[in-house]
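# Breakdown of the fold
The lines below spell out each chain.
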Amino acid sequence: MGRSVSEVLSRAEGDLSEGNYDDALRGFLAVIQAAPRFPRARLRVADTLLNVGQKKRAAGVYRALSWHYLRTGQPLLGLVAAKMVIALDPSYQDLLDILAELYSAESDRL
């Protein structure tokens, strides 16, 4: 990749906002390949899929991200992804229940 990860991410964000979804998706995937642990790019892949009408695939990505973030102790990112899953498919309400249980006052994670 000739450009920095931040430059590629910035361009992909611009492509997404301009409706250039194929270019945006390519850019976000390039960021993921270059910086696999960069969370925003993975969320933006799901956002891009949602924008092109691939709700089921987007929900799958959000769901996988939610579980990943919850398991790795990143509750805010887990909540963001879980809320998107539930907005797309309310049958996944259990994600919020698990999030609440993991980070409740009685939890050893706090």
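Scroll up for the structure.
How each quantity is defined
Residues numbered from 1 in each chain as written. Predicted model: local features only at pLDDT ≥ 70, side-chain atom pairs only at ≥ 80, totals over all residues. Heavy atoms only, no water. Helix = DSSP H or I, 4+ residues; strand = E, 2+ residues; numbered from the N terminus. Buried < 20%, exposed > 50% of the residue type's maximum accessible area, 1.4 Å probe, protein only. Contact = heavy atoms within 4.5 Å. Core = buried A, V, L, I, M, F, W, Y, C linked by side-chain atoms within 4.5 Å. Expected span 1.5 Å × (residues − 1). Axes fitted to C-alpha atoms, helices over the stretch in contact; angles between N-to-C directions. Parallel < 35°, antiparallel > 145°, perpendicular 65-115°, else oblique. Left-handed = near helix turned anticlockwise from the far one by under 90°. Nonpolar A, V, L, I, M, F, W, Y, C, P; charged D, E, K, R; others polar.

### Quick look at the environment of Pro 75
Tracing the backbone through its elements, the reader meets Pro 75 in helix H5 (residues 75–88). A relative accessible area of 31% means that Pro 75 is categorised as partly exposed. Measuring from C-alpha to C-alpha, the distance between Pro 75 and Tyr 103 comes to 7.8 Å, with 28 residues separating the pair along the chain. Pro 75 has contacts with Tyr 69, Leu 99 and Tyr 103, leaving out every residue within four places of it along the chain.

### Some details on the nonpolar core
With 27 residues, the main nonpolar core has Phe 28 and Tyr 62 as its most contacted residues. Taken together, the elements giving at least two residues each to this core come down to helix H1 (5–18), helix H2 (21–34), helix H3 (39–51), helix H4 (55–71), H5 and helix H6 (94–102). When neighbours within four sequence positions are excluded, Phe 28 is seen to be in contact with Leu 9, Ala 12, Glu 13, Leu 16, Ala 41, Arg 44, Val 45 and Thr 48.

### Overview of H2
Over its 14 residues, H2 extends 20 Å from the first C-alpha to the last, a length consistent with the 20 Å expected when each residue adds 1.5 Å. Here H2 has its buried residues at Ala 24, Gly 27, Phe 28, Ala 30, Val 31 and Ile 32. Buried residues along H2 sit against H1 and H3.

### Regarding the environment of Arg 71
If you trace the backbone, Arg 71 turns up in helix H4. With a relative accessible area of 60%, Arg 71 lands in the exposed category. Distance in space between the C-alpha atoms of Arg 71 and Ala 58 is 20 Å, their sequence separation being 13 residues.

### Focus on the packing of H1 against H2
For the pair H1 and H2, interaxial distance at closest approach is 8 Å and the crossing angle is 155 degrees. Viewed along their axes, H1 and H2 adopt a mutual orientation that is roughly antiparallel. Where H1 crosses over H2, the handedness of that crossing is left-handed. For the pair formed by H1 and H2, the contact residues are Val 5, Val 8, Leu 9, Ala 12, Glu 13, Asp 15 and Leu 16 on the first element and Tyr 21, Asp 23, Ala 24, Gly 27, Phe 28, Ala 30, Val 31 and Ala 34 on the second. Among the residues making up the contact of H1 with H2, the classes are represented as eleven nonpolar, one polar and three charged.

### Description of H3
Look at H3: 19 Å from first C-alpha to last across 13 residues, which is about the 18 Å you get at 1.5 Å a residue. Of the residues making up H3, those classed as buried are Ala 41, Leu 43, Arg 44, Val 45, Ala 46, Asp 47, Thr 48 and Leu 49. Each element contacted by the buried residues of H3 is listed here: H1, H2, H4 and H5. Just past H3, the residue Gly 53 takes up positive phi, approximately 85 degrees.

As far as function goes, none of this settles anything; it's purely spatial.
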